Each structure stands twice: as structure tokens, then as C-alpha cells.
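Each chain is listed here by its residues.
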Amino acid sequence: MVDTLVVFFSRSGENYEVGCVEKGSGRIIADSASAMLGSPEYEIVRSSDYPASYEECSREAEKERMENARPALRFAMPSMDGVRNVILVYPNWWGDLPMPVYSFLDAAGMDGRRIYPICTHEGNGIGMTDRCLKQAYPGAEVMRGLALRGTVVQGKPDEAEAALRKYLSDSGFAL
Ligand SMILES: Cc1cc2nc3c(=O)[nH]c(=O)nc-3n(C[C@H](O)[C@H](O)[C@H](O)COP(=O)(O)O)c2cc1C
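Here goes a summary of the coordinates provided. Throughout this description, residue numbers start from 1 for each chain and increase along the sequence as written. The model is predicted, so local features are restricted to residues of pLDDT at least 70 and side-chain atom pairs to those at 80 or more, both for listing and for counting; the totals for chains, interfaces and linings are taken over all residues. With hydrogens and water excluded, all non-hydrogen atoms of the structure serve as input to the side-chain values.

One heavy atom suffices: a residue is near a molecule or strand as soon as one of its heavy atoms comes within 4 Å of it. Residues in close proximity to the ligand total 20 residues, the closest being S10, S25, G26, N92 and N124. Here a polar contact means two N or O atoms within 3.5 Å. Within protein one must be a hydrogen donor candidate and the other an acceptor candidate, and residues neighboring in sequence count only if both atoms are side-chain atoms. One of the backbone N or O atoms of G26 is found 2.7 Å from an oxygen atom in the ligand. Contacts to the ligand include G95, whose backbone N or O atom sits 3.5 Å from an oxygen atom. Note on areas: these come from Shrake-Rupley sampling with a 1.4 Å probe, and a residue is covered only by the protein chains present in the view. For the ligand, whose accessible area on its own is 640 Å², the fraction buried by protein is 96%. No other element matches the three residues that helix α2 (residues 54–66) contributes to the shell around the ligand. Secondary structure elements follow DSSP: runs of H or I no shorter than four residues count as helices, runs of E no shorter than two count as strands, and numbering proceeds from the N terminus.

Okay, structure coming up:
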């Protein structure tokens, strides 16, 4: 049984400010968090890929958000038995979380778990995402979060890694 699970949603392709990336910023951060903590990772992937074009992806994401959709996921759910801490890595999409993240959290059940929100963004920080999590999952403890700019993750990986290490350590994890 695992106590701490790193869960992430991240998109490769064209993105705001960073151009076309092979590895999304959240994926880079989730991989680092998993290595630092020695914890397994689960990737949230929508059953159909989002478009690689930023504009097209934005349009689809906005529509899903307006519909409060819970899109189907591609991968089977991981075992959540004994998972107390969820390190949740996701991008800020219009101030909110991408809807597939809600699909995951709904299916996993968040009551009695701690959520550590780590949000990648391009200027709006964690936005409303921590409040959205608190509202959607009142039975969970939503902990202080961390916001990381995608351009920093992609362009200054040492800086991003140091911020992540400090955040996890300040949050009480033994690294
Ligand atoms: C659909 C969409 C909406 C976005 N909305 C915002 C936003 O409201 N505020 C912001 O700061 N960044 C926004 N961004 C930028 C992403 O949060 C940023 O590029 C992030 O680092 C992407 O992480 P990823 O590479 O792991 O997918 C948006 C990006 C996309 C694709």
C-alpha cells in the first residue's frame, strides 16, 4: 500500500509562452516529485487527446469547463487503498483545473485524504484552483499549494526543482 501518490495532468504540444513542448511542465514536476518522494505516479489522460494547437485546445477546454464535464479517462484508476496524501500536479486552465482532473478526483474519492496542489501556470498562479478543490471536495484537506510558471519549469529547471524541493520539505515530507 502506498501512503503518498503523485497524480498529474499535463499536456505536450503547443502552449502559451513556451512554444511547442515535448514534455509538459507538469509532467516534469511530477517526475521530480515522484523521484524526491520515492512515490509512484499516476497520469490523468483524457480518453481522446486534446488538440496540439493551443487555440483549439483552449476552445475545447473552455467548453468542457462551461459544461462542468467529467470526461472519460484513458487509464484504469490506480488503487487508492491507504493513500493519505495526493500530490496533485495540474495546469491552471482558465483559473480552474482541467476537467479530467475532476474526473479522477471524483472517481478516486477524496474524503479523508490530503491534497497538495501544485499548479503550473503562465501568469495567474494557482488562480481559483485551490478554492475549487476545497469546494468540490469538502471531505478532503486541501493543503497550502505551490504555483510554478511553465516557462521557469522549461527554461530554468534547477530553479523549479529547488522550489519544489522546498515546498515538499516545508510541507513535512522527508526527502
Ligand atoms: C486551455 C488552456 C488554458 C490556460 N489558461 C491559463 C490561465 O487562465 N492562466 C494562466 O496563467 N495560464 C493558463 N494557461 C497556461 C498553462 O497553465 C501553462 O502553460 C502550464 O504551464 C501548462 O502546464 P503543462 O505543460 O503541464 O500542461 C492555459 C493553457 C491552456 C492550454
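After that view, the rundown keeps rolling.
A few words on the pattern of salt bridges. Note on definitions: salt bridges are taken to be side-chain nitrogens of Lys or Arg within 4 Å of carboxyl oxygens of Asp or Glu. Taken as a whole and assessed by the stated rule, the structure comprises 12 salt bridges. Between E67 and K63 there is a salt bridge, with the nearest N and O atoms lying 3.3 Å from each other. Each member of the salt-bridge network shares a partner with another, and the members are R46, E60 and E64.

Take the packing of helix α1 (residues 25–37) against helix α6 (residues 157–170) next. The axes are straight lines fitted to the C-alpha atoms, using for helices just the contacting stretch, and the angles between their N-to-C directions are given from 0 to 180°. Close contact between α1 and α6 brings their axes to 10 Å; oriented N to C, the two are set at 50°. Comparing their axes, α6 and α1 come out oblique. Handedness of the crossing formed by α1 with α6: right-handed. In contact with I29, S32, A33, M36 and L37 of α1, α6 contributes A160, E161, L164, R165 and L168. Roughly parallel here means an angle under 35 degrees, roughly antiparallel means over 145, roughly perpendicular means 65 to 115, and every remaining angle is called oblique. Less than a right angle of anticlockwise turn of the near helix away from the far helix marks a crossing as left-handed, whereas a clockwise turn marks it as right-handed. Throughout, a residue-residue contact means that at least one pair of heavy atoms, one from each residue, lies within 4.5 Å.

Moving on to the packing of aromatic side chains. Aromatic rings considered in pairs are described by the distance between their centres and by the relative angle of their planes. In summary, the pairing rule links any two rings of Phe, Tyr or Trp, Trp by its six-membered ring, whose centres are within 6.5 Å, and it sorts them by plane angle into stacked for under 30 degrees, edge-to-face for over 60 and tilted for everything else. Applying the stated criterion across every chain yields a total of seven aromatic pairs. Seen in terms of ring centroids, F9 and Y50 are 6.0 Å apart; in terms of plane orientation they differ by 80°. Their pairing is edge-to-face. With F9 in the loop between β1 (4–8) and β2 (13–15) and Y50 in the loop between β4 (41–43) and α2, the pair connects residues that are 41 residues apart, well separated along the chain. Here the two residues F9 and Y50 agree in accessibility, since each one is buried. Between Y102 and Y137 the ring centres are 6.5 Å apart and the planes differ by 25°, which places this aromatic pair in the stacked class. In this scheme, a residue with accessible area under 20% of its type's maximum is buried, one over 50% is exposed, and one in between is partly exposed, where area comes from a 1.4 Å probe on protein chains only.

Let's shift gears to the environment of R27. Along the chain, R27 turns up in helix α1. Exposure remark for R27: the relative accessible area of 25% places this residue in the partly exposed category. Through-space distance from the C-alpha of R27 to that of S10 is 5.6 Å; in sequence the pair is 17 residues apart.

The span you would expect from a helix comes to 1.5 Å times its residue count less one. Spanning 14 residues, α6 covers 20 Å between terminal C-alpha atoms, matching the ideal 20 Å at 1.5 Å per step. Listing the buried residues of α6 in full gives A160, L164, Y167 and L168. Viewed along the axis of α6, the buried residues span an arc of 95°, placing them on a single side of the element. Exposed side chains of α6 directed beyond 90 degrees from the buried face belong to D158 and K166. Buried residues belonging to α6 abut α1, β5 (85–91), β6 (114–121), β8 (146–149) and α5 (150–155). In the segment just after α6, G172 is the residue with positive phi, at about 100°. As used here, the arc belongs to the directions running from the helix axis to the C-beta atoms.

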